[in-house]
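Chain by chain, the residues:
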Amino acid sequence: MLFPTYPELGGQNVEDRVRVVIAEDSVLLREGLTRLLTDRGHDVVAGVGDGEALLKVVRELADGGELPDVVVADVRMPPTHTDEGVRAAIRLRRDHPGLGVLVLSQYVEEQYATELLANSSRGVGYLLKDRVAEVREFVDAVVRVARGGTALDPEVVAQLLGRSRKQDVLAALTPREREVLGLMAEGRTNSAIAKQLVISHGAVEKHVSNIFLKLGLSPSDGDHRRVLAVLTYLNS
């Protein structure tokens, strides 16, 4: 079966289009994001201006069997303009695990980025708003997150890691440890990794501990170590 194509997309098939909900309180920016995506053949199925409206519209779409592929949300939205957007994004990731979430921020807010990535790096993105000006990169990021990938602004990665990294940062890992880290980057739990690799849960825990040690992630980093290890892998 043949699908019509869009010249703006360089021959992209309709079957490759993604369905997007945009949450941004600035009407001008919201309309601009909508135009960027629709001009490239994607479907913006809803646009809202606050976190509560975002939760409501996604719930209604899900109830109708039309859950979008990805949500693009500003970190700060009404009424307090603090963390309404990212809180809504975190809740949506919990309620709809298959929904991609890409948040936009004026600057890197480490706490929010870490919380967003805490449970899984799959289908998640955190970009600075300046990145929107790079149209192709932004649209690619939206599509990548919609397809279950990750899109992290380089500034976000640099701040979360908090240190310079050599290009061969993963060189010290064994092939099995690289395999385990790759599965961690897909958002898999230790139990899921054990099942995938057909090894014991204890073996996975040992590999994960070795990964933390070799990447220089100390116990003082607490629960963030898993996130930082994944970020190291993704940016290597």
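Below is a summary of the structure that appears in this document. Quick caveat: nothing in here was measured; it's all calculated off a predicted structure.

### What about the environment of G125?
So, step 1. Of note, G125 is situated in strand β7 (residues 124-128).
So, step 2. Distance in space between the C-alpha atoms of G125 and V72 is 9.0 Å, their sequence separation being 53 residues.
So, step 3. Filtering out sequence-adjacent residues up to four positions away, G125 remains in contact with V101, L102, V103, L116, V145 and A151.

### Re helix α5 (residues 135-146)
So, step 1. Under the 1.5 Å per step criterion, the end-to-end length of α5 is 17 Å for 12 residues, consistent within 8% with the ideal 16 Å.
So, step 2. F138, V139, A141, V142, V145 and A146 are the residues of α5 that are buried. One side of α5 carries all its buried residues, which in axial view fall inside an arc of 155°.
So, step 3. Where α5 is buried, its residues touch β3 (19-23), α1 (27-38), β5 (70-74), β6 (100-105), β7 and β8 (150-152).
So, step 4. At the C-terminal side of α5, G148 shows a positive phi close to 95°.

Here is what the cut-offs are and how they apply
- Residues numbered from 1 in each chain as written.
- Predicted model: local features only at pLDDT ≥ 70, side-chain atom pairs only at ≥ 80, totals over all residues.
- Heavy atoms only, no water.
- Helix = DSSP H or I, 4+ residues; strand = E, 2+ residues; numbered from the N terminus.
- Contact = heavy atoms within 4.5 Å.
- Expected span 1.5 Å × (residues − 1).
- Buried < 20%, exposed > 50% of the residue type's maximum accessible area, 1.4 Å probe, protein only.
- Arc of directions from axis to C-beta.

The quantities given are spatial measurements derived from coordinates; they are silent on function.
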